[in-house]
Amino acid sequence: MRNPRTGWLLLSPTLIILIVFGFLPFLYVLFVGFHEWNIFAAQDGMRYNGLDNFRRLVFDVDFLNSVGLTAKFALFAIASEVVLGFFLAQMLTRNFPGKSLFRIIHTFPLMVAPIAVGAIWRLLVIPGFGPVPFLLDRWFDIEYLIGTYPDQALLTSVIMDVWHWTPFVTLTMLAGLSSIPKEPVEQAKVDGANRFQVFWYVTLPFLRPVLLTTIFIRIMDAIRTVDEVWMLAGGGPGTRFTGIYIWRVVFPRTDYGYGSSISIITLYLTIVLCWLLFIGISGQGKDEVE
Amino acid sequence: MRIGLRQRIARYLTTYGFWVFMTLLTLIPIWWMFAVSMRSRVELFARPNLAISRIFLENYSNVLGDSSFQRYMSNSLLISSANAVLVMVLALLATYALSRYKLVGKDNIFFWLITNRMAPPAAFLLPLFLMFTRSFRIGDWTLFDTQLGLILLYCVFNLPFAIWLLKGVIDGIPIELDDAAMIDGAGLFGVLRHVIVPLAAPGLAVTAILSWIFAWNEYLFAANLTSVQARTITTALAEFVTVTGTNWGELAAMSMLTLIPSAVIVVFAQRYIVMGLTFGAVKE
Amino acid sequence: MKRIFTIVLLIAFALLANMSLVTADMHDWWADAAAPYAGATIRGVSESTPPSNYVADVLAAQFTELTGINVEFETTSWDQMYSKAINDMEANTGIYDFVYIEQDIIYSYLAQDYLVNLTQFAADNPDLAYEGYDESEFTSFADYFKNADGDLFGVPMEAFVKVYLYRKDLFENADIMAAFEEAYGYPLAPAESFDQYRDNAEFFTGYGESMDMDLWGTTVQGSTGHPASTYEFLESIGPSFGLYNWGINLDAGSAMSANGGALDGDTAVEALTFWLSMLEFAPPEATSSTWDEVASTFAAGRAAQGWVYGENAAWIATDESRSAVTGNVGVRLPVTADGVIDAAEMGDGYIGYYDGGAFGVPHSSRNKEATLLWLQFIGQQSVQAEWAAAGARITHTATFDDPLIAEQDAKVDGYYTLLEEQGPLFAGAPPFPFHAQVREVIDPFIQRAILGELSPSEALSQAAAAVDEELDRLGYGM
């Protein structure tokens, strides 16, 4: 009836594009990752060095720090986005005049290019220029210097990310919430469930696929974050995330071999993390949906 | 249930209070960008002040009067729009295949498709550069510095997202509808056109819109794989940062201008965005 | 940047000025020489700075009119400029016909044989050699772009030194002078020693605080997220204490004192300690400041003195649309430790950074002939003065005597005279073929020292060890 050949045919343009522009470059990076190759080295060309690059990165404090920072950044940012986004979506399920206006305004940050987002936030937080350190100092006597305090730089990048991406989460949550059938909720209320119980036992299970998918997409993007943070703080202490670290190794340092091996490992870590989530979605999620 | 007038007013007040507060939080950074765009360079380093003291349009006139700005803008519009359409069409076909056909290892294929969005971009710039300048070369023509190059490349991070989004939507359309149409004599494209597309319209729209936004906002690939002809507006933003001082006023003015096209699109497409973003959540 | 009105005016001015200069003869020469290449398009990559913009907007238009060769400029950010040029030259793709070469990267490019020998190329193609262009007319800065045989690989297009700027209105204010003398027991003056620099910095920081002014005692280019901080330390502060060539001994392939290097030596520690102690007297943005913010900070009147790149000195002193301290800028040689100036005069060292850049032709270019014409056009004597006035850069000896520059010189407190007379005391970056690689290795240690996570001696000894490791890896080690 449905000939698999037709299916492959439909899938083929996508596969071709992703193989050419995604998989082949990946193979190249993988290949380079097993070589020592810096174009400004005394010796020319690539030299195969087996697993040396991978051995090196295990002891590379800067790389390990960057992974830790990226994890912190992703965790804080995504957790805040999900909680805040869910709450906002909940508020948007109510009806009140002017709702769509608020919703539209709330999606504005999503439309600002990351590089411009970084620029705006830099302008907000650079002392002597931005209003944030000025007002914090005047009102609360807080010394706010992202160049001096790594924690503040990390916090600023988290807040920036939350500002930029919460609207995305709100929209997906809103979509999820609006597709939850009304009967189970009403039924639970009739049975005397309180608000929290309704949320925990009814809303959340229905919302789980949307929730996990949203988190999944945000994780992929948060780990790749470069533009915003590069504009904001240049990837100094506190914001030297893996994406930026790789960029510094690959470009100014032109250490292509090592940079490639770090990329491979980072990609691998991301895939493992997402695979666990994927099992969460398609394994448990499926039973309840179907 | 009847609610007293006073209660209702209180409720509205809290609702509006909350939303006005959220709106302020959302808009302050954008407002600040606008305020910066309204200042001359010498005014920028005065004591920080969120208020705008005068209308100063020189930053805007400088940006708008620059012929390369117009080229960047039209490149960005062309690349994002073409990419959005391409992604929408390819994702529809691919997702339909994944959803309706028994394909060997399709779960793995689906997962692999998605991993394409995970790659940290920096290390991939070199192979892509080599590919763009060497592999895709016909005579003097190369894929480097062409709009086509970016349109195809942006599929790498947009297709995984789009397929995922549409997977839920198309899985949610009962297969019986397909079968019924087929019994009525519809071919594959008939089914797609008369059954799938109408039912998946909100999902398709949101796929296109979000792809458009992601493509519009992309910087790193555009900066490295174009030179003069196909440069996009985001690469122009980075040009303002120079060793002799960053021109924050013009950078902010240009950022404000780049906001306009996406704002227009999103405002018009609000309804679809929410309807489309269900990711396979349960339908009523 | 793209200030169109200014540019339109400049174009009009330059065209008028040139009409009188360009005789019919010259016209013919350019047209004849370029005849085989008319209609070709040559492309270059550069940053969007005033000197580059002048080239892109004014000189390119004149050149196209004379020759029919189109010049296309890709303007981009500082780091993008390098990555793109290097990718192009390494992969031999031929995207760029001329690239911007900053002085510090030239040795890397030469070591990789990326660039065309311009002297040789002109000699091999006598038809293309323009008589109005003469390599000997360049200042000594051009020597950085020559090989051992004296052949030129890049046509200098900008050159600056990093100088000491101070606020004349503050340093010459009677009340302030009296207050300073009372507090320190000697008269207030632009700093000539590090102790005096420190006293000035401390005094003005206190003064700003007591007057509730946004004023601090010094600038520090101390960004913790940008190589600019490493550059200020290694290229300006270090040499002024007597730490040369980043403390790296090229022959020994090491930065460690034990092996003949100096990066972890006493001089380096002293220099870093002093520089870090200045953070206390610098405005709060210092730890986020690259060269860009340092100039802006000084222009906003937030610092009483500081180390500022000369390319910014001119606009800080004269451009009222960008600077709040026009007319009040004093220019001096940077502060040095005892004996450093003497050593520099003897040729045994240098007191600071002589920076700048040139345009070179990559081997991968497919329009070398047309590009050679173009580079000779921008390298000729007759276009220099207006270019210098527009971009605050001087690459030709004769330009110093031009009336346009003499006029500017008065406005910037003799910066150009300083560049002409004391320029030789400064030096470009050390001749390392691994410039960016090693700097990238040193960066994190300097940044952590700024944050106070490492003491100066810890930071420097760890940096020296890391440098040695990288040198080994690159094949330049012992």
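Residues numbered from 1 in each chain as written. Chains lettered and ligands numbered in written order. Predicted model: local features only at pLDDT ≥ 70, side-chain atom pairs only at ≥ 80, totals over all residues.

J.: What is the right way to read the overall build of chain B from this model?
T.: Counting its secondary structure elements, chain B contains 11 helices and 2 strands. Taking 19 Å as the expected radius of gyration for a compact globule of 284 residues, we find that chain B reaches 24 Å, considerably beyond that expectation. Projected onto its principal axes, the C-alpha coordinates of chain B cover approximately 80 × 70 × 30 Å. Considering only contacts in chain B between residues 6 or more positions apart, those separated by 24 or more positions represent 77%. (Helix = DSSP H or I, 4+ residues; strand = E, 2+ residues; numbered from the N terminus. Rg over C-alpha atoms; globule rule 2.2 N^0.38 Å. Contact = placed C-beta atoms within 7 Å.)

J.: So what exactly am I meant to see when it comes to the overall build of chain C here?
T.: The number of helices and strands found in chain C is 20 helices and 7 strands. At 23 Å, chain C has a C-alpha radius of gyration in line with the 23 Å of a compact globule built from 478 residues. Relative to its 478 residues, chain C shows a buried fraction of 59%. (Buried ≥ 20, exposed ≤ 12 C-beta atoms within 10 Å, placed from the backbone.)

J.: Just checking my understanding: could you explain the interface of chain A and chain B for this structure?
T.: Accessible area lost upon the coming together of the parts is a frequently used measure of interface size. Taken together, the contact pairs 80 residues of chain A with 79 residues of chain B. Where the side of chain A that touches chain B is concerned, the elements lending two or more residues are α1 (4–33), α4 (99–106), α5 (114–125), α6 (131–140), α7 (150–178), α9 (195–224), α11 (242–250) and α12 (256–289) of chain A. Counting residues per element, the side of chain A that touches chain B draws most heavily on α1(A), which supplies 16 residues. Within the side of chain A that touches chain B, the residues separate by chemical class into 54 nonpolar, 21 polar and 5 charged. (Nonpolar A, V, L, I, M, F, W, Y, C, P; charged D, E, K, R; others polar.)

J.: For this particular structure, what's the right way to read the nonpolar core?
T.: The nonpolar side chains of a soluble globular protein tend to be buried with one another. In terms of nonpolar packing, the biggest core is built from 332 residues, with L159(B) and W374(C) touching the most fellow members. Looking at which element gives the most residues to this core, the answer is helix α6 (residues 147–171) of chain B, with 16 residues. Sequence-distant contacts of L159(B), defined by excluding residues within four places in its chain, comprise T14(A), I17(A), L18(A), V87(B), L90(B), A91(B) and L113(B). (Core = buried A, V, L, I, M, F, W, Y, C linked by C-beta atoms within 7 Å.)

J.: Teacher, can you tell me more about the interface of chain C and chain B here?
T.: Across the boundary between the two partners, chain C contributes 33 residues, which contact 25 residues of chain B. Elements with a contribution of two residues or more to the side of chain C that touches chain B: β1 (41–47), β2 (70–76), α4 (78–91), α12 (291–299) and α13 (310–318) of chain C. Broken down by class, the residue content of the side of chain C that touches chain B amounts to 10 nonpolar, 13 polar and 10 charged.

J.: Sorry, what's going on with the domain arrangement of chain B here?
T.: Residues and elements named next belong to chain B. Partitioning chain B into domains gives domain 1 (1–56) and domain 2 (59–276). Measuring from the centre of the C-alpha atoms in domain 1 to the corresponding centre in domain 2 gives 32 Å. In this assembly, 8 residues from domain 1 lie in contact with 9 residues from domain 2. Residues of the side of domain 1 that touches domain 2, tallied by class, amount to 4 nonpolar, 2 polar and 2 charged. (Domains from an automatic or database assignment.)

J.: Before we go on, may I ask you to explain α13(C) in this structure?
T.: Since the α-helix advances by 3.6 residues per turn, residues separated by three or four positions end up pointing in the same direction. Counting buried positions over the 9 residues of α13(C) gives 8, a clear majority of the element. For α13(C), the elements touching its buried residues are β4 (155–167), α12, β5 (305–309), β6 (329–332), α17 (403–411) and α18 (415–422) of chain C.

J.: Explanation requested: the packing of helix α3 (residues 50–67) of chain C against helix α15 (residues 368–379) of chain C in the structure shown.
T.: Axes are the key here: two packed helices are described by the angle between their axes and the distance separating the axes. Residue and element names in this part refer to chain C. Following both chains from N to C, one finds α3 and α15 inclined at 120 degrees, their axes separated by 11 Å at the closest point. With respect to α15, the axis of α3 lies oblique. Handedness of the crossing formed by α3 with α15: right-handed. Every residue of α15 that contacts α3 at V55, L59, F63 and T67 is listed here: L373, W374, F377 and I378. For the contact of α3 with α15, the class distribution of residues is 7 nonpolar, 1 polar and no charged. (Axes fitted to C-alpha atoms, helices over the stretch in contact; angles between N-to-C directions. Parallel < 35°, antiparallel > 145°, perpendicular 65-115°, else oblique. Left-handed = near helix turned anticlockwise from the far one by under 90°.)

J.: Looking at this model, I keep getting lost on the packing of α3(C) against helix α16 (residues 384–391) of chain C. Mind explaining?
T.: Residue and element names in this part refer to chain C. In contact at an axis separation of 8 Å, α3 and α16 are set at 135 degrees when each is read in the N-to-C sense. Considering their axes alone, α3 and α16 lie oblique with respect to each other. Relative to α16, the crossing made by α3 is right-handed. The segment α3 lies against α16, with P50, P51 and Y54 engaging W387, A390 and G391. For the contact of α3 with α16, the per-class residue count stands at 5 nonpolar, 1 polar and no charged.

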